[in-house]
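# Examination of the molecular architecture
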Amino acid sequence: VKQTETDGIAVFDSISCGNRGLALVEKSGWIFEEGRDLSFHDGIYVKRGTDQTFSFNVQLCRGTLRASVNDASGTPVPDYPVRLYSATETVGVKQTETDGIAVFDSISCGERALSLVKRPGWLFEEGRDVSFYDGISVTLQSDQAFSFGVTACSGQISVRVEDQSDNPVSGALLELYADNQTWDEGVTGATGSLAFSGACGMDIGVKVTPPSGYTV
């Protein structure tokens, strides 16, 4: 088995003489018509000094998946992360737009899945066809839509930054993070304090970057 080069040609040289055949191998993201002289050439007789050329045609196979995220009242939720994945890897993560929809277009054909990603301030029920959809067959020019529901949760973390003498420190950058991603941030004022709302739904942490003249 050989891959085609940048010119679209795969060269099999120094082949032993005799009857041979050539066939396309299925590859994710591409489709072709099956049949003799379409997906395979058989009865090729190789003899000394021959140099023969055979051609195949394949078509790029792409489809679209749309994921809508709404809250309990049916209102679209913007900036909510949705993950697209296959059986072996995460294909991509997108945030919903202002209409609450994340669009994954030009996806290679094949079996795919969609799932909600946890984020602070929101909760959702776990389960198939609730927090994830699997076994989605993406076919040529298919355009499929799936919906998710999330519920807003309330919680607050108040953080105060002080120096070694317990005096408030203003100008410190605080970042609310979860799963190695920053979800919210702000700078402390004169009181050295900052509050994050929506601090619920998952394990979270707060990172501080002190202002000039201070170290942690």
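Residues numbered from 1 in each chain as written. Predicted model: local features only at pLDDT ≥ 70, side-chain atom pairs only at ≥ 80, totals over all residues. Heavy atoms only, no water.

## Here we look at the overall build of the protein chain
Which entries qualify depends on this criterion: Strands are runs of DSSP state E lasting at least 2 residues, helices are runs of H or I lasting at least 4, and numbering of each runs from the N terminus. Just to be clear, the radius of gyration here is over C-alpha atoms, and the globule rule we use is 2.2 Å times residues to the power 0.38. Only protein chains enter the area calculation, which uses a 1.4 Å probe; residues under 20% of their type maximum are buried, those over 50% are exposed, and those in between are partly exposed. Any pair of residues with heavy atoms lying within 4.5 Å of one another is described as a contacting pair. The method behind every accessible area is Shrake-Rupley, applied with a 1.4 Å probe, and residues are considered shielded solely by the protein chains displayed. Counting rule applied: Lys, Arg positive; Asp, Glu negative; His and chain ends not counted. Every charge is mapped onto a representative atom, which is NZ of Lys, CZ of Arg, CG of Asp or CD of Glu.
Check the secondary structure of the protein chain and you find zero helices and 18 strands. At 28 Å, the protein chain has a C-alpha radius of gyration far larger than the 17 Å of a compact globule built from 216 residues. In terms of overall dimensions, the protein chain has a C-alpha envelope of 90 × 45 × 25 Å along the principal axes. Looking at the protein chain residue by residue over its 216 residues, the buried ones come to 31%. Taking contacts inside the protein chain between residues at least 6 apart in sequence as the whole, the part at least 24 apart equals 59%. Summed over its atoms, the accessible surface of the protein chain is roughly 13900 Å², and 46% of this surface lies on carbon and sulfur atoms. The protein chain carries 16 positive and 29 negative side-chain charges, and their two centres are separated by 10 Å.

## Some remarks on a nonpolar patch on the surface
Heads up, the condition is: What goes into a patch is any residue over 30% in relative accessible area without a salt bridge, connected to like charges within 9 Å or, for nonpolar side chains (Val, Leu, Ile, Met, Phe, Trp, Tyr), within 5 Å. Should a side-chain nitrogen of Lys or Arg be within 4 Å of a carboxyl oxygen of Asp or Glu, the pair is scored as a salt bridge.
On the surface, a nonpolar cluster with roughly 270 Å² of combined accessible area is contributed by W30, V58 and L60. Examined against the element boundaries, W30 turns out to sit in strand β2 (residues 30-31). With relative accessibility at 38%, the residue W30 sits in the partly exposed group.

## Concerning the state of the cysteines
The following threshold applies: Counting rule for disulfides: a pair of cysteine sulfur atoms within 2.5 Å.
For the coordinates displayed, the defined rule picks out one disulfide. Paired through a disulfide, C61 and C109 show a sulfur-sulfur distance of 1.7 Å. The chirality of the disulfide connecting C61 with C109 is left-handed, given an S-S dihedral of about -80°. Pair noted here: C61 is in the loop between β4 (59-60) and β5 (62-70) and C109 is in the loop between β8 (101-108) and β9 (110-116), with a separation of 48 residues, a long-range link. Judged by relative accessible area, which is 2%, C61 ranks as buried. Given a relative accessible area of 11%, C109 falls into the buried group.

## Some remarks on the sheet that holds β5
The test is simple: Between any two strands, at least two bridges found by DSSP are needed for them to pair. Each axis is a line fitted through C-alpha atoms, and for a helix only the stretch in contact is used; angles between axes span 0 to 180 degrees, taken between their N-to-C directions.
With respect to topology, three strands assemble into an open sheet ordered β8-β5-β12, the strand pairing being mixed. Only two strands of the sheet have a single partner each, and these edge strands are β8 and β12 (143-149). When the angles between neighbouring strand axes are averaged without regard to direction, this sheet yields 20°. Here β5 pairs with β12 via seven bridges, running parallel. When the sheet's bridge partners are listed, R66 is paired in β12 with A145.

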